[in-house]
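Tertiary structure, described
In case you want the letters, here they are:
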Amino acid sequence: MEGRPLPRKKDVVLTLLEGPSVFLHLDPRRDGVVVPKWLAKQPQLVLQVGLNMSVPIPDLRVDDEGVTCTLSFNRAPFWCKLPRPAIYAAIGEDRRGMGWPDDVPTEVAT
């Protein structure tokens, strides 16, 4: 028996953005990911994004390609690009969310 297909990442992230913020779990080593160099080689990275955060993210964009936004790292702004295939979970502050098991890095899954 086949299971139902998982919801699209874009739809899940947009729904969770109705809350204060979303924690995006991603593999920063995947093609197309743009994050600070010192974070790019680890097998997992969790970034917090939101529309209602104390420090606004005016350029937050969620589309079929993934998520782009300027985030703060050590109090310095950095434009990030998080392609859809790199994101393997999206969790809201209320702990509701979704994971996409096929995209979890091997090192994280074990």
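Higher on the page you've got the structure.
Residues numbered from 1 in each chain as written. Predicted model: local features only at pLDDT ≥ 70, side-chain atom pairs only at ≥ 80, totals over all residues. Heavy atoms only, no water.

The next point concerns helix α1 (residues 9–16). Regarding α1, the residues found buried are K9, V12, V13 and L16. In a view along the axis of α1, the buried residues occupy a sector of 95 degrees, so they form one face of it. Elements that come into contact with the buried residues of α1 comprise β1 (22–26), β3 (61–63), β6 (87–92) and β7 (97–99). (Buried < 20%, exposed > 50% of the residue type's maximum accessible area, 1.4 Å probe, protein only. Helix = DSSP H or I, 4+ residues; strand = E, 2+ residues; numbered from the N terminus. Arc of directions from axis to C-beta. Contact = heavy atoms within 4.5 Å.)

Attention shifts here to the side chain of D27. The topology assignment puts D27 in the loop between β1 and β2 (45–49). Polar side-chain contacts of D27 include one of 2.9 Å to the side chain of R29. When neighbours within four sequence positions are excluded, D27 is seen to be in contact with V33, Q42, P43, A86, Y88 and P105. (Polar contact = N/O pair within 3.5 Å; in protein donor to acceptor, adjacent residues only side chain to side chain.)

As a further point, take empty space enclosed by the protein. All chains considered together, the criterion is met by one cavity of 30 Å³ or more. Each pocket or cavity is described by its volume, and for the largest cavity that value is around 50 Å³. Listed by contribution, the elements that provide at least two residues to the lining of the largest cavity are α1, β3 and β4 (66–73). Here the lining of the largest cavity takes three residues from α1, the largest share from any one element. (1 Å grid on protein atoms, 1.4 Å probe; cavity = no way out; pocket = protein on both sides within 12 Å on 5 of 7 lines; lining within 4 Å. Points joined across faces, edges and corners; volume = space filled by probe spheres on them.)

Moving on, we come to the environment of F23. With respect to the element layout, F23 can be found in strand β1. Judged by its relative accessible area of 28%, F23 falls in the partly exposed class. Sequence separation between F23 and V33 is ten residues, and the spatial gap between their C-alpha atoms is 16 Å. For F23, the contacting residues outside a window of four places in its chain are V46, L47, Q48, A89, A90, I91 and E93.

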